[in-house]
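Understanding the architecture of this molecule
Each chain, written out:
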Amino acid sequence: MASRRARLIQRREAVGHTQESLAEALDVDRTTVGRWEGGRGAPQPWMRPKLARALGLSVDQLADLLAAPPAVAEAVPPPSSVGDASAPVPAWRTGHDSDLVVAVAADSAESALFLRFASASNVDDTLLEQIDADIARLAEDYVSKPLSELFHDIGTLRRGVFDLLRGRQHPYQTGHLYLQAGRLCGLATHVALDLGQYTAAATHSRTAWRCAESAGNNGLRAWIRSVQSLIAYWQQDHRQAAELARAGLPYADSGTIAARLLSLEARATAALGDSASALRAVAAAEAARSAVAAVDLPGVFTFPEAKQWTYVGTALLALGSQRHVNRAIEASSRAIALYESAPQQEQSSGDLLAARLDLANAHLAHGDLDGVREKLSAVLEAAPDRRTASISSRLRALSTRLAEPAYAGSPVVLSLRENVREACSRPALTNPPELPQ
């Protein structure tokens with residue numbers, strides 16, 4: 001033991017550590033280092049990598065340094081005869097009781113140290129509840145309030161949760177923080193999506209998925225797949241949008257998320273011209289809606305009936321036949337009626353504009369120019385900060401349709417085209433709001 005003691009002290013002094021500074025580096029008591037150097041006990045296996053780094057050694061080199069010299073046989077008299085019932089007295093019973101007491105005390109000190117480590121947390125349940133409440137408020141406000149009023153709060157809270165996760169907390173608290181981080185990354189995905197910044201949206205969504213995996217939360221997994229489907233849809237990758245919507249369905253175990261995913265699938269497959277798949281998904285979404293029992297988080301985390309009818313209208317309109325266009329008018333009109341009868345905070349300005357644009361396109365398909373002008377007027381009068389990237393995209397598509405030869409020479413269409421062109425030339429929601437200095 002003396003040899004190990006000498007080697008350990010020599011190495012500590014060689015790297016410039018005192019007992020106190022080494023103990024501080026290892027987050028142990030100075031007496032613990034003293035016991036190691038005095039040959040009373042040795043570092044536990046979980047402590048050895050940290051000790052090796054402090055002494056500038058590899059773990060294997062530390063093991064060699066701590067290795068005890070060859071054991072010397074203790075002079076214990078053998079039994080007087082084979083039949084002697086008297087067993088040898090253990091070495092620690094021959095005057096070494098005090099050493100054992102010291103070793104047991106040191107062992108319990110290490111357990112106490114680990115208890116402090118295991119009990120440490122940078123959050124408590126009250127803080128987690130507050131973060132949940134803040135997320136619910138932001139999700140609810142996102143539906144009806146301008147993005148400029150929410151962008152800063154979403155980013156600040158998300159970064160705060162990231163910082164908490166870099167600290168220490170109990171495992172159940174860590175899981176809850178990952179769930180919160182995933183939801184906040186999902187809100188950030190929506191921000192980027194509404195701004196038309198699809199690369200940033202995809203990055204946020206991948207981080208959200210990683211958080212959902214770490215939290216082990218199926219509801220968040222399914223919801224993130226729905227947002228990723230949206231990203232693909234507005235990048236015109238309708239096949240990928242449909243596949244992502246289907247990929248979320250195995251995780252849709254509660255709430256309205258199944259209806260959302262099926263509605264996304266219907267819209268994407270309709271854009272691909274797959275009438276059978278689109279109509280099947282519309283019917284399945286209606287069935288999923290009737291089976292909803294659990295309550296979702298509010299705002300963008302839920303899928304109200306009005307939004308579902310908005311998606312149905314878009315899907316049926318894309319199928320193009322006269323019968324489907326008529327059904328699209330019914331669906332979009334129903335969506336508008338449901339939103340307008342809902343409380344103000346539940347009226348999604350984006351979905352209302354989308355439904356009205358779908359109605360304008362449906363009336364155009366019927367040659368009803370007065371109907372086009374009526375539905376389009378509400379869209380053109382909307383404040384620019386309510387015109388997301390998807391609404392701007394729909395407006396440009398309508399402008400292209402109005403320029404088709406079939407409408408050439410029509411004064412009404414010419415006026416509509418001018419109005420749409422003028423609206424598209426005005427600044428819209430294209431850049432993130434400035435962060436306060």
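Since this is a predicted model, take the numbers as computed values, not measurements.

The next point concerns the overall build of the chain. Along the backbone of the chain there are 20 helices and 0 strands. Counting only residues that meet the buried cut, the chain has 44% of its 437 residues in that class. Of the roughly 21900 Å² of accessible surface on the chain, 54% is carried by carbon and sulfur atoms.

Moving on, we get to the confidence of the model for the chain. This prediction gives the chain a mean pLDDT of 85; 87% of its residues lie at or above 70. Ranking the elements of the chain by mean pLDDT puts helix α1 (residues 2–14) last with 71 and helix α12 (residues 238–248) first with 98. Counting interchain partners and residues more than four positions distant, the pLDDT-below-50 stretch residues 70–95 has 7 contacts. Here residues 431–437 is modelled with pLDDT under 50, and outside its nearest four sequence neighbours on either side it reaches 10 contacts, counting other chains as well.

Here we come to the environment of T174. Mapped onto the fold, T174 is located in helix α9 (residues 171–194). C-alpha of T174 to C-alpha of S121: the two residues are 53 residues apart in sequence and 9.7 Å apart in space. Here T174 is in contact with L165 and Q169, once residues within four sequence places are set aside. Reaching out from T174, the side chain makes a polar contact with the side chain of Q169 at a distance of 3.0 Å.

Looking now at the packing of aromatic side chains. One pass over the structure, following the stated rule, counts 4 aromatic pairs. Relative to W234, the ring of Y233 lies with its centre 5.0 Å away and its plane at 90°, an arrangement referred to as edge-to-face. Note on accessibility: Y233 and W234 belong to one class, buried. The residue whose ring lies beneath R225 is W209, and the NZ or CZ to ring-centre distance is 3.6 Å. Over the face of the ring belonging to Y233 we find R267, whose NZ or CZ atom lies 4.0 Å from the ring centre.

Moving on to the side chain of T189. If you trace the backbone, T189 turns up in helix α9. Beyond its immediate stretch of four places on either side in the chain, T189 contacts A201, H204, S205, V227 and I231.

Another aspect to go through is the layout of surface pockets. In this structure, the largest pocket encloses a volume near 830 Å³. Taken together, 39 residues make up the lining of the largest pocket; nearest its centre are V143, V300, K307, S348 and D351. Taken as a whole, the second largest pocket spans an internal volume of roughly 520 Å³. The wall of the second largest pocket is formed by 19 residues, among which Y233, T314, L317, D358 and A397 lie closest to the centre. Secondary structure elements with two or more residues in the lining of the second largest pocket: α11 (218–234), α15 (305–319), α17 (349–365) and α19 (389–402). Broken down by element, the lining of the second largest pocket gets its largest block of residues, 5 residues, from α19.

Let us now look at the nonpolar core. In this structure, L177, L187, W223 and V300 are the most contacted members of the largest nonpolar core, which totals 36 residues. Looking at this core, the elements that each hand over two or more residues are α7 (125–144), α8 (151–165), α9, α10 (198–215), α11 and α13 (257–271). Ignoring sequence-local partners within four residues, the contact set of W223 consists of G186, L187, H190, I257, R260, V300 and F301.

Let's shift gears to the environment of Q180. Relative to the helices and strands, Q180 resides in helix α9. Along the chain, Q180 and A215 lie 35 residues apart, while their C-alpha atoms are 9.0 Å from each other. Contact partners of Q180, with chain neighbours within four places excluded, come to L128, I131, D132, I135 and V161. Within the structure, Q180 has its side chain in polar contact with the backbone oxygen of L128 (distance 2.9 Å).

What follows deals with the side chain of Q228. The residue Q228 is located in helix α11 in this model. At a separation of 2.6 Å, a polar atom in the side chain of Q228 contacts the side chain of R225. Apart from the residues within four sequence positions on either side, Q228 is in contact with S205, R206 and L244.

For the structure on display, the rule yields 12 salt bridges. A salt bridge links D141 to K145, with the shortest nitrogen-to-oxygen separation between them at 3.8 Å. On the accessibility criterion, D141 (16% relative accessible area) is buried. In this structure K145 comes out as partly exposed when scored by relative accessible area, which is 38%. Here E213 and R221 are joined by a salt bridge, their closest N and O atoms 2.5 Å apart. Residue E213 is classed as partly exposed on the basis of its relative accessible area of 30%. Given a relative accessible area of 12%, R221 falls into the buried group.

Definitions and cut-offs
- Residues numbered from 1 in each chain as written.
- Predicted model: local features only at pLDDT ≥ 70, side-chain atom pairs only at ≥ 80, totals over all residues.
- Heavy atoms only, no water.
- Helix = DSSP H or I, 4+ residues; strand = E, 2+ residues; numbered from the N terminus.
- Buried < 20%, exposed > 50% of the residue type's maximum accessible area, 1.4 Å probe, protein only.
- Areas by Shrake-Rupley, 256 points an atom, 1.4 Å probe, with all protein chains shown as cover.
- pLDDT = per-residue confidence, 0-100.
- Contact = heavy atoms within 4.5 Å.
- Polar contact = N/O pair within 3.5 Å; in protein donor to acceptor, adjacent residues only side chain to side chain.
- Phe/Tyr/Trp six-rings, centres within 6.5 Å; stacked < 30°, edge-to-face > 60°.
- Lys NZ or Arg CZ within 6 Å of the ring centre and 35° of its normal.
- 1 Å grid on protein atoms, 1.4 Å probe; cavity = no way out; pocket = protein on both sides within 12 Å on 5 of 7 lines; lining within 4 Å.
- Points joined across faces, edges and corners; volume = space filled by probe spheres on them.
- Core = buried A, V, L, I, M, F, W, Y, C linked by side-chain atoms within 4.5 Å.
- Salt bridge = Lys/Arg side-chain N within 4 Å of Asp/Glu carboxyl O.

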